[in-house]
Every structure is written in C-alpha cells, then in structure tokens.
Amino acid sequence: MIPLSHFMIISAALFCIGLFAVLTKRNAIQILIGIEFMINAAILNFVAAGRFDRVAGGGQMFALFAIVLAAAGVAVALAIILNVYKHFRTINPDKIDTLKN
Amino acid sequence: MSAEQLAFYFFASLTLISALLVVCMQNLVRSIFLFFVTIFSLAAMFVFALADFIAVTEVVVYVGGVLVLMLFAFMLSNKELLSGLQNIAGGFKFTHLAGLLICGGMLFLLVSAISAADVVNLSWIKNGQAISENDNTIHQIGIHTMTRYLLPFEVVSVFLMMALIGAAHLSRRERRS
C-alpha cells in the first residue's frame, strides 16, 4: 500500500510542471496542455484521498466530475483557439494584444 | 521493496519525465503525442489508488476526446507555426527563468505543506474505512451516482450540454451577408 503523501508529492510536482507550461509557453495549445496537467494533478489528489473514504466515495465521484469538466473545458477552449487563429492568424498569446476587431 | 512499490515508482517517474518532456519539447506534434504517455501512466497510478473505473474513464476521455481535439486544432491552426517554433529552439529567455523560479517556489511550498500536514496520520485517514482490493468500486460508483451525488451529476450534465452548445456556436462558420 502506497502512502498518501507520496501520491500528493507526485501530484504537486505534476502541478508545478503544468504551471511552468502555462507561464512560459508561447503557443495556446501548449498552455492548454499545461492546464490539463494541473487539472490531472488535482484529480490524482482526489483519487488518492478517496481511497480512504469507502462509505461516501467522494474522492472517486468528484474525480469523475473533474474529468468531465476538464473535457468540456478543452472543447470550448479549442473552439476559442480556432476562432482566435481565424482573427489573428496566430495563436501566440503574446501577440494577441488587441481587443478591437 | 515490494513489486507494488516498484511498479508505482516506475509509473510515477514515467509520468513526471514524460510531463517534463511535453513541456520542454519544441516540436508541438511530438509533445502532443507524449501527452498520451503521461495520461496512460497517470491512469496506471489511479489503479494503485484502487480507482480502476476512474483510470479507464481517464484513458477513454483523454485519448478518445481531448487528444483528438488537440491534434485537430493543431492541424487547423499551424501552417507557419511549426517552422516558427523550431527556429526558436535553444533560446533561453528571461520568462523561462522567471517561470522556473515561480514553479520551484511553488513546488517547495507544496512539498513543505504536505510534509507539515502529516497526512498519513490524519484522523479520518487513520480511522476511516479504506477501500480494499476486493471491493467492487464500479458497483459503488453506480449507486453513489444515483443517490448521494445525484445533484452534482445533474449539474455536470447540464454543464456538459452548455459546453457542447457553446463550442458548436463558437466554431460555426459566420455567414457573410
């Protein structure tokens, strides 16, 4: 049986990798991947803590809900990215700096 | 060290190394395909937390949905992007250093918080009823979905429909009049 703290440390590391991608990448799709890493780190924490909650099953249920929310978020974000590309011909967030048009 | 621990640390290191490679890789297509590896090894780690159904759902949703969407968006939006990305390779910018510092600080903060919280000895974890290897978690999840967590389930259903309509509306072709 793996102790809970090891799960949490690994999910903390995954969260920081995702944060690094969000902070430094110059491509909207890679930023999206970074956000997915952060969400997955949270799901790993849910699942690892949910192992000790057999009666209510809250960890596993909310891990399921979080996966669904992440998938919905990705669908909308990619639609937005495609629209941004149609407008600006680039998906580099540094170059998208106008609100008009 | 038992076989379980060996396998767990193997998958944990696979997750972290492939995630690092995804972040550091300059070629976007490769990094999206490496995202597969991260998701699969993460699902393997869910199995070690006795959440087999969550692991299968993760693989189905991410590989079947999210990755296909990402590749699709990438194919539709790259043209000059790929060559542009490869030209930048090797440059180390100030933003990278700042990002590295922020992430290192965050990691230090999280790890020290986890070690200070002493999660293994929390009362609800020590005294709570843990899931055992013989439990049928899918059966439990089915019952919980329709009883205790019915309201969040319905809210998620409505949210999913909103996201579907929103994505379809955003990505439709505008009529020129």
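Residues numbered from 1 in each chain as written. Chains lettered and ligands numbered in written order. Predicted model: local features only at pLDDT ≥ 70, side-chain atom pairs only at ≥ 80, totals over all residues. Heavy atoms only, no water.

If you look chain B up in an unreviewed UniProt entry, it shows as NADH-quinone oxidoreductase subunit J from Daejeonella lutea. According to the UniProt record, the Subcellular location (unreviewed entry) comment for chain B is "Cell membrane". Listed in UniProt under the heading Sequence similarities (unreviewed entry), the comment for chain B reads: "Belongs to the complex I subunit 6 family." (UniProt positions renumbered as here; feature names shortened; annotations may be inferred.)

In the annotation of an unreviewed UniProt entry, chain A is listed under the name NADH-quinone oxidoreductase subunit K and assigned to Daejeonella lutea. Note on chain A: under the UniProt heading Subunit (unreviewed entry), the record states "NDH-1 is composed of 14 different subunits. Subunits NuoA, H, J, K, L, M, N constitute the membrane sector of the complex." According to UniProt, the comment filed for chain A under the heading Sequence similarities (unreviewed entry) is "Belongs to the complex I subunit 4L family."

Comments concerning the environment of B:Trp124
Following the sequence through the fold, B:Trp124 ends up in helix H6 (residues 123-127). Classification of B:Trp124 by relative accessible area gives partly exposed; the value is 43%. Apart from the residues within four sequence positions on either side, B:Trp124 is in contact with A:Ala49 and A:Phe52. (Helix = DSSP H or I, 4+ residues; strand = E, 2+ residues; numbered from the N terminus. Buried < 20%, exposed > 50% of the residue type's maximum accessible area, 1.4 Å probe, protein only. Contact = heavy atoms within 4.5 Å.)

A look at helix H5 (residues 94-117) of chain B
Under the 1.5 Å per step criterion, the end-to-end length of H5(B) is 34 Å for 24 residues, consistent within 8% with the ideal 34 Å. Its buried side turned inward, H5(B) meets helix H1 (4-24) of chain A. Downstream of H5(B) by one or two residues, B:Asp118 has phi in the positive range, about 55°. (Expected span 1.5 Å × (residues − 1).)

Quick notes on the UniProt feature "transmembrane region" (unreviewed entry) in chain A
All names here are of chain A. With numbering aligned to this structure, UniProt lists the feature "transmembrane region" (unreviewed entry) at residues 6-24, 31-49 and 61-85. For residues 31-49, helix accounts for 100% and strand for 0%, while the C-alpha atoms at its two ends are 28 Å apart. A helix fraction of 100% and a strand fraction of 0% characterise residues 61-85, whose end C-alpha atoms lie 36 Å from each other.

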